[in-house]
Amino acid sequence: MAAGGGGAAGSWRNSGEGPIMKQDKELQRKEKSLNRYVFMQSYLMMAVTGIGYLALMWSTVVLLGGFVTTLGKKDFWCITAISMIQAARIFNDWGEGEEGPMREPKSLKNRRLIKYAADLLDSESSQDYLSGSRILDVFIKSGVDVGPVILPSSQKVQKLIDTLRCRSSDREIRELAAKILAHIACDIDLTMFPGAIRCISSLLDTTLPYWNIQQGSSNHSPRSIFDQQGAGDSHIDDSEGDRWNELILQGLTILERLASDQHNCRDICSTPGLIPMIMAPIYSDTLIKDINIMAWQDIVNGTFRLVHRLICAPEWTGQRLVHEISSSKQALNNLESLLDQRNKAGIELQMRAIEILTEMTLDSSTNLETGTEENLVKRQLQIFLTDDEGEEEKLRFTAGRTLALLSKIENINVFIMKEQSNIFYRLAEILDAKNSITYKTVALEVLENLCTHCILDKNYMKESLLPKILAEVMASKRELPKKGREISELDRILDRILRRNRAIVTSVIKRLSTKKHEENQAISGPRGDEEKQLVSKHSSQIKSGDQTDKQLNAEMEFREALLSLTLVICDKLISADDFDEVARKAAPGESKFAAKLKIIVEEHCEATANSLRIVKLCGQIAVTMMRRSQYTAHFKDQKFVETLAEASRKMCNLESCMLFAGTDGGAKTGRGLLWEVVKEAQAMVA
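Residues numbered from 1 in each chain as written. Predicted model: local features only at pLDDT ≥ 70, side-chain atom pairs only at ≥ 80, totals over all residues. Heavy atoms only, no water.

Peer 1: Any chance you could explain the confidence of the model for the chain here in plain terms?
Peer 2: Close inspection of predicted coordinates is inappropriate for parts of the model with low pLDDT. When pLDDT is averaged across the chain, the result is 76; 69% of the residues are at 70 or more. Residue range residues 482-538 is modelled with pLDDT below 50. Its contacts to residues more than four positions away, or to other chains, number 101 contacts. (pLDDT = per-residue confidence, 0-100. Contact = heavy atoms within 4.5 Å.)

Below, the structure written as structure tokens:
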């Protein structure tokens, strides 16, 4: 069937003016006409607005300002009324522009268009359904969350799911439905949609190129399967294979995001035949050879991401998969081989292998061989501590983050010290300003675990490590989010044109829904340079806001790691006099360090999980210091305990919820609750 479709399309393209080419030319002519109309409207509105400004200025400044004494009473009131009306119109237009979709994705205009597109999903017309899916795909590419409009309607979600299984559907609509479902999958409860897993699994069609589920007995590599299919039909090319790849990748993405819910994990793991299909690449005896094919490497990476998500699931779901992998010698060899630099595995595959092996090491019931664990830690140290700029930042971060998890295990802690005798110096060097804040946070977490389990040189602690940590604590501060971004006058005008010419927008949508895609467009879904620019513009605006949020979260995590390490050092590794000496050097002046802890509490006096942990750490550090008597007066003078009590009052409901959910702080801040820390501090200053 694919061959016939490809041949027909090729004959049209090779025989001059075929029906599709004629239709495309007609559509391009209409599109140019529409573009001219929109730009004429844009500049006309700009001209009218400019004349309005001039008229307002003339009537107020010149007539009323310069000739008010010579105007008749009737003329005066007429000019005043006209000026007020014109001013109201200008300010109204300005207000509309400020709320336009070019400003931010949650604008009224975008919400209306998203709702319009979502409503098209309920249409009986396949063209309307395709149009709505295309519009939603554009918003998703721009970083807009369309979930709140789709998820409340189980009918819309069910229709998208059913589209995946309908092989008679146009491939584009299957791809679009898969992308939309991937976008909202984290919030889908599979129990509400019986048969959904079967529909999603249909995307992982084992008859397609690059896919082979014969565990341990694959006589044909993914490349040979692809070659065989290509040899039988000269019209199937790389772009055709890429289009099939996209369906498989979207299917894996949907399953990965569904697996963020533990109940969905159970449904996925209990679906007959699905887990063997997902696990096939891990068990393949030709995996290392086949990953040289980039398309296959993408699919392997997708399966590894899904496997990692599943083995992180609580209770028996994750443990079962961990035991299955650990009992397979081929699977362990594949994972270890991916870490071998000589195999030239991609960055993503190395990251996935590190994550999976780390989860298996953390599970003591797997009884991994010591050599496997040590090889993993060696590779983590090599990647994380390297100064080679060629190493990808995300790979270094993954290696460091997983190393921080493993360094909590005592025997691995000892191996790290043995493997890297200067590990403390190497980690302390990472705290230099040249490194990213996330990289420094991971280094602090590893340092804390090493400090907890190892005996350190007291002179090094006093003269080098602690001064650097306290200097970072004193220098740290919380940046508040920036206000909304400004938009240009042209953006506001274009927004108003789109709002007032909805019929034109609708005609464009219908035109898009009838236009056939050419090669390579099914995957990326381009609709021309104009749409690419629009998507890029929206994406850059939204991503800049997301990047700001990520930066703020990274700063909070860095501060939390600093305080957590400070607590460990203060409580276990240094005497009161030595800590006081270093603290006075880091914060010259009486009570400066106590004052800094109070400022940190005030900056994070809000009901969020990160803030709760930071405030709790400040309280625990203060209590630890006050147990040594000489600091009690400092904290009393600063009214630290009163500030801490106020923060506890604001956070008590959040802490109660976190305690109920089992996320009340973890090992970093101990089992004690914030109100218990406050109670102990109050007794000390009484």
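From this point, the discussion proceeds with the structure in view.
Peer 1: What's the story with the pattern of salt bridges in this structure? I'm lost.
Peer 2: Pairing between side chains becomes possible if they bear opposite charge and their charged atoms approach one another. The full count for this structure, using the stated rule, is 19 salt bridges. Residues Asp 119 and Lys 115 are paired through a salt bridge, measuring 3.2 Å at the closest nitrogen-oxygen approach. Residue Asp 119 and its partner Lys 115 are both found in helix 4 (residues 108-120); the two are separated by four residues, about one turn of the helix. What makes Asp 119 partly exposed here is its relative accessible area of 36%. Looking at Lys 115, the relative accessible area reads 48%, which means it is partly exposed. Of the charged contacts in the structure, one is a salt bridge between Arg 584 and Asp 580, with a shortest N-O distance of 3.0 Å. (Salt bridge = Lys/Arg side-chain N within 4 Å of Asp/Glu carboxyl O. Helix = DSSP H or I, 4+ residues; strand = E, 2+ residues; numbered from the N terminus. Buried < 20%, exposed > 50% of the residue type's maximum accessible area, 1.4 Å probe, protein only.)

Peer 1: Can you help me understand helix 24 (residues 458-475) in this one?
Peer 2: Every α-helix winds through 3.6 residues per turn, so residues three or four apart in the chain are directed the same way. For helix 24, with 18 residues, the first-to-last C-alpha span of 24 Å sits near the 26 Å given by 1.5 Å per residue. The largest bend along helix 24 measures about 40° and falls at Leu 465, with the proline Pro 467 one to four residues further on. Residues of helix 24 that are buried include every one of Tyr 460, Met 461, Lys 462, Leu 465, Leu 466, Ile 469, Leu 470, Glu 472 and Val 473, and no others. (Expected span 1.5 Å × (residues − 1). Bend = angle between axes of the 7 residues up to and from the residue.)

Peer 1: I would appreciate a short explanation of the nonpolar core in the present structure.
Peer 2: The tendency in soluble globular proteins is for nonpolar side chains to be buried as a group. Within the largest apolar cluster, 166 residues are counted, with the highest numbers of intra-cluster contacts made by Ile 254, Leu 255, Ile 325, Phe 384, Leu 427 and Phe 579. At 12 residues, the largest contribution of residues to this core is made by helix 28 (residues 529-573). With residues near it in sequence (within four places) discarded, Ile 254 still touches Leu 164, Ala 178, Leu 181, Ala 182, Ala 185, Ile 200 and Leu 203. (Core = buried A, V, L, I, M, F, W, Y, C linked by side-chain atoms within 4.5 Å.)

Peer 1: In this structure, what is going on with the side chain of Glu 256? I would like to understand it.
Peer 2: Note that Glu 256 resides in helix 11 (residues 238-258). Aside from chain neighbours lying at most four places away, what touches Glu 256 is Arg 305, Leu 306 and Arg 309.

Peer 1: Where do I start with helix 18 (residues 347-362) in this structure?
Peer 2: Under the 1.5 Å per step criterion, the end-to-end length of helix 18 is 23 Å for 16 residues, consistent within 8% with the ideal 22 Å. Counted residue by residue, helix 18 has 12 buried out of 16 residues, so it is predominantly covered.

Peer 1: Honestly, the packing of aromatic side chains in this entry has me stumped. Any pointers?
Peer 2: In this description, a pair of aromatic rings is defined by centroid distance and the angle of the planes. Throughout the structure, instances matching the rule amount to four aromatic pairs. Summarising the aromatic geometry, the rings of Phe 384 and Tyr 439 are spaced 4.8 Å apart at their centres and angled 75° between planes, so their arrangement reads as edge-to-face. In this pair, Phe 384 is assigned in helix 19 (residues 370-385) and Tyr 439 in helix 23 (residues 437-453), connecting sequence segments 55 residues apart. No difference in accessibility class separates Phe 384 from Tyr 439, as the two residues are buried. Consider the rings of Phe 579 and Phe 593, whose centres lie 6.1 Å apart with planes at 75°: the pair is edge-to-face. Placement of the pair is Phe 579 in helix 29 (residues 576-586) and Phe 593 in helix 30 (residues 592-603), with a sequence separation of 14 residues. In this pair, the class of Phe 579 matches that of Phe 593, namely buried. (Phe/Tyr/Trp six-rings, centres within 6.5 Å; stacked < 30°, edge-to-face > 60°.)

Peer 1: Looking at this structure, I do not really get the packing of helix 20 (residues 393-406) against helix 23. What am I missing?
Peer 2: For any two helices packed against each other, one specifies the crossing angle of their axes together with the interaxial distance. It is the contact of helix 20 with helix 23, at a shortest axis distance of 9 Å, that shows an interaxial angle of 20°. Looking at the two axes, helix 20 sits roughly parallel to helix 23. With respect to the hand of their crossing, helix 20 and helix 23 are arranged in left-handed fashion. For the pair formed by helix 20 and helix 23, the contact residues are Glu 393, Arg 396, Phe 397, Gly 400, Arg 401, Leu 403 and Ala 404 on the first element and Thr 438, Tyr 439, Val 442, Glu 445, Val 446 and Asn 449 on the second. When grouped by side-chain class, the residues that make up the contact of helix 20 with helix 23 number six nonpolar, three polar and four charged. (Axes fitted to C-alpha atoms, helices over the stretch in contact; angles between N-to-C directions. Parallel < 35°, antiparallel > 145°, perpendicular 65-115°, else oblique. Left-handed = near helix turned anticlockwise from the far one by under 90°. Nonpolar A, V, L, I, M, F, W, Y, C, P; charged D, E, K, R; others polar.)

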